[in-house]
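# Fold and geometry: a report
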Number of protein chains: 2
Amino acid sequence: MFVKTIAVTESEQCQTVHIDLGERSYPIVIAAGLIEQAATFAACPNAAQAVIVTNTTVQPLYAAQLKAALQSKYGQVHTVVLPDGEAHKDWVTLNLIFDGMLANGCDRKTVLFALGGGVIGDMTGFAAASYMRGVPFVQVPTTLLSQVDSSVGGKTAINHPLGKNMIGAFYQPQLVVCDVASLNTLPAREIAAGLGEIIKYGPIADMNFFTWLEEHVDALRQRDRGALMHAVQRSVEIKAWVVGQDEKEAGLRAILNFGHTFGHAIEAGMGYGNWLHGEGVAAGMVMAAHLSQRLGLVDVEFVQRLTRLIERAGLPTRGAVLDAADNAGAYLEHMRVDKKAEAGAIRFVLIDGPGKAVVRSAPDALVREVIDLCCSQGVGIQVAE
Amino acid sequence: MFVKTIAVTESEQCQTVHIDLGERSYPIVIAAGLIEQAATFAACPNAAQAVIVTNTTVQPLYAAQLKAALQSKYGQVHTVVLPDGEAHKDWVTLNLIFDGMLANGCDRKTVLFALGGGVIGDMTGFAAASYMRGVPFVQVPTTLLSQVDSSVGGKTAINHPLGKNMIGAFYQPQLVVCDVASLNTLPAREIAAGLGEIIKYGPIADMNFFTWLEEHVDALRQRDRGALMHAVQRSVEIKAWVVGQDEKEAGLRAILNFGHTFGHAIEAGMGYGNWLHGEGVAAGMVMAAHLSQRLGLVDVEFVQRLTRLIERAGLPTRGAVLDAADNAGAYLEHMRVDKKAEAGAIRFVLIDGPGKAVVRSAPDALVREVIDLCCSQGVGIQVAE
């Protein structure tokens, strides 16, 4: 299953990236003001019922608008409101979606709408993959991170106490609606976290985009709509190109996890939800860059340039200390249970010259050196609100 | 994804039905004594670890044999033992599989082996579909029902308090091993329940097979190996032919649910696990046959012939009373939340002349008549042990 073509339609108002996965193809629509328009959802699957899944934070902001937009198409539009946060990305909360659907007699044609950030998208997607063995779903991501990260790849999951995203499915949406106007209500810390995931695409694939980000990072933090639309579009295009060559994450797709191996260790070690995903990725990218440099793959200047952009984006450039007695040991332990590990061997995504990623293992001693260099006691989240 | 060819290899010792689903193709091997042979599993995917998932009933009978057969191929073979029964087909029990896998550091190449009946197969399959978004799995069904029913179709699931098999995935095994010798330890009641699912294939697809069953029902109940191998093989072939034309259950596949709409109502109404699935299907087939007859699709003789074979198989021919005050109402209520219902309309699988099934709705009044005719107070399970 390959992305045969990524057709991009550009207009001042709206950009569309077509993800071509054969019978599972879908469009990503990027514009301001999409959520409130019935026309946005005209091509969604027909059904008697639709279910909006959202959380307590997003519900008061956008659920009524989305419901109004859907009511001309669906006879009944239910809303399931989940508690907010990564800490609730578990079976108990997932089951609230199933409870709501069964209580309302939802059949296997019912369409789910994920309205919220990555946690809502991942959980709603897994619920859609599993309810009666699969119902259609639509992503309406309302955070910058989820607009660039959850739009492409078909990854859905919940967490397990022993590991993040351990239980899930590959399942594609029917449509992704990225309404950049919804980013106006996003806290500055979450805009920055989204930039962490966007910055990633430079070192692994496109240094021209990295240069554009250096020029537009301030505009992005100020929520310039044109800049946001371009950043989302370009990130989604690069991700689609990578995923299209490797839908089920056997090889190349692993490069999308640049910064994630160290980042997941920070997220898990600090307790899910204390560091935002994009913050863990940001500090993780700096650590992976240092590891790349020590292996002779990039020079010190590249590490400094990446670190500088991450800092300007308002993101942490240093990791947290997970264990004062043996910090590197704690990181290694978390990284060994990562899904990407194979038989206990940690696979790092490293930069093999700016704009190109490579997946490989590294000597424990070198990894320990980098962790010791890149972590500080008391490092938390240093984002100005 | 179609079954392009169903190649059947026959020898005195072993029969193989090849299920052709493109890159998800797999063989079903049918013979006596397969579990204990390492050669049976030679073509299974390579991995550092394998996990046998079984239950407290099957574990003492066959787990050690299977483990010994797998140990030449896998460095570590773990065993997860679940409580036995449909009542445990839930998230709490499913999570025991995830707990065991994560505690043992199982990676995304780990192979799961489902050793047991339909509940073990469905749960292990869903665990395999969901663990790290998908690991390979092998079915080793040890009941007659699961050998004919779980071998083909890729259906995996757990139950929800509001409905059976509501949460699951379509996910194909790498291999299915039907060891008819393992049926020697099966209680007579479960042999009969398996025959219920086997008898189904006559009315919906192959009246020659129905005649063969009339001639061999006693041999099957006496566990004649040759008869069992043929019954499993022919059932699997018919199911593969049907599923091959409709992998995701959009249309034709629904005919496999002959007897299941009424049967699920009995199972749910009596509490899961009190009636065996094949028992519910048996009484359900009689009810569906009566409904077919009242709609003018078959004659009374056909209904009597089907009822007689079901009786000779040691299966119930009458449904249980679910609610003394309004029994038909109770059945209708259960049938309306069935996955196969669409917007509350019940879709019945009826016999449109012997050997051919049709899926359609029926007037509530007629359905009520049939339920009143076919249910008796105090009907339980009438199988001689």
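All of these numbers come straight from a predicted model, not from anything done at the bench.

The rules behind each value
- Residues numbered from 1 in each chain as written.
- Chains lettered and ligands numbered in written order.
- Predicted model: local features only at pLDDT ≥ 70, side-chain atom pairs only at ≥ 80, totals over all residues.
- Contact = placed C-beta atoms within 7 Å.
- Helix = DSSP H or I, 4+ residues; strand = E, 2+ residues; numbered from the N terminus.
- Nonpolar A, V, L, I, M, F, W, Y, C, P; charged D, E, K, R; others polar.
- Least-squares fit on C-alpha atoms with pLDDT ≥ 70 in both.
- Buried ≥ 20, exposed ≤ 12 C-beta atoms within 10 Å, placed from the backbone.
- Pairing = 2+ DSSP bridges.
- pLDDT = per-residue confidence, 0-100.

### Things to note about the interface of chain B and chain A
- Counting from both sides, the interface comprises 30 residues of chain B and, opposite them, 30 residues of chain A.
- Taken together, the elements giving at least two residues each to the side of chain B that touches chain A come down to helix H2 (91-103), helix H3 (118-130), strand S8 (155-160) and strand S9 (163-170) of chain B.
- Counting residues per element, the side of chain B that touches chain A draws most heavily on S9 of chain B, which supplies 6 residues.
- Across the side of chain B that touches chain A, the residue classes tally to 16 nonpolar, 7 polar and 7 charged.

### Notes on the relation of the copies chain B and chain A
- Between chain B and chain A, which share one sequence, the superposing operator has a rotation angle of 180° and an axial displacement of 0.0 Å; the RMSD is 0.0 Å. Expressed as an axis order, the relation between the two copies is that of a two-fold axis. For chain B, the smallest separation between a C-alpha atom and the rotation axis is recorded for Trp91 of chain B, amounting to 4.1 Å.
- Looking at the interface residues of chain B, 100% of them are also at the interface in chain A, so both copies use one shared face.

### Looking at the pairing of strand S10 (residues 175-179) of chain A
All names here are of chain A.
- Taken across its 5 residues, S10 has 5 buried, putting it largely inside the fold.
- What you see with S10 is no split at all: Leu175, Val177 and Asp179 on one side and Val176 and Cys178 on the other are buried throughout.
- Pairing of strand S3 (residues 26-31) with S10 involves 4 bridges; the strand directions are parallel. Across the sheet, Ala31 pairs through a bridge with Asp179, a residue of S10.

### Some details on unusual backbone geometry
- Positive phi, normally seen in glycine, also occurs at Arg223 of chain A, with a value near 65°.
- Relative to the assigned elements, Arg223 of chain A resides in the loop between helix H7 (207-221) and helix H8 (225-244).
- Although it is not a glycine, Asn165 of chain B sits at a positive phi angle of roughly 55°.
- For Asn165 of chain B, the position within the fold is in strand S9.
- With 19 C-beta atoms packed within 10 Å, Asn165 of chain B lands in the partly exposed category.

### Quick look at the confidence of the model for chain A
- Per-chain confidence: chain A averages 91 in pLDDT, with 91% of residues scoring 70 or above.
- A low-confidence stretch, residues 1-5 of chain A stays under pLDDT 50, and its non-local contacts, those more than four residues away or across chains, total 12 contacts.

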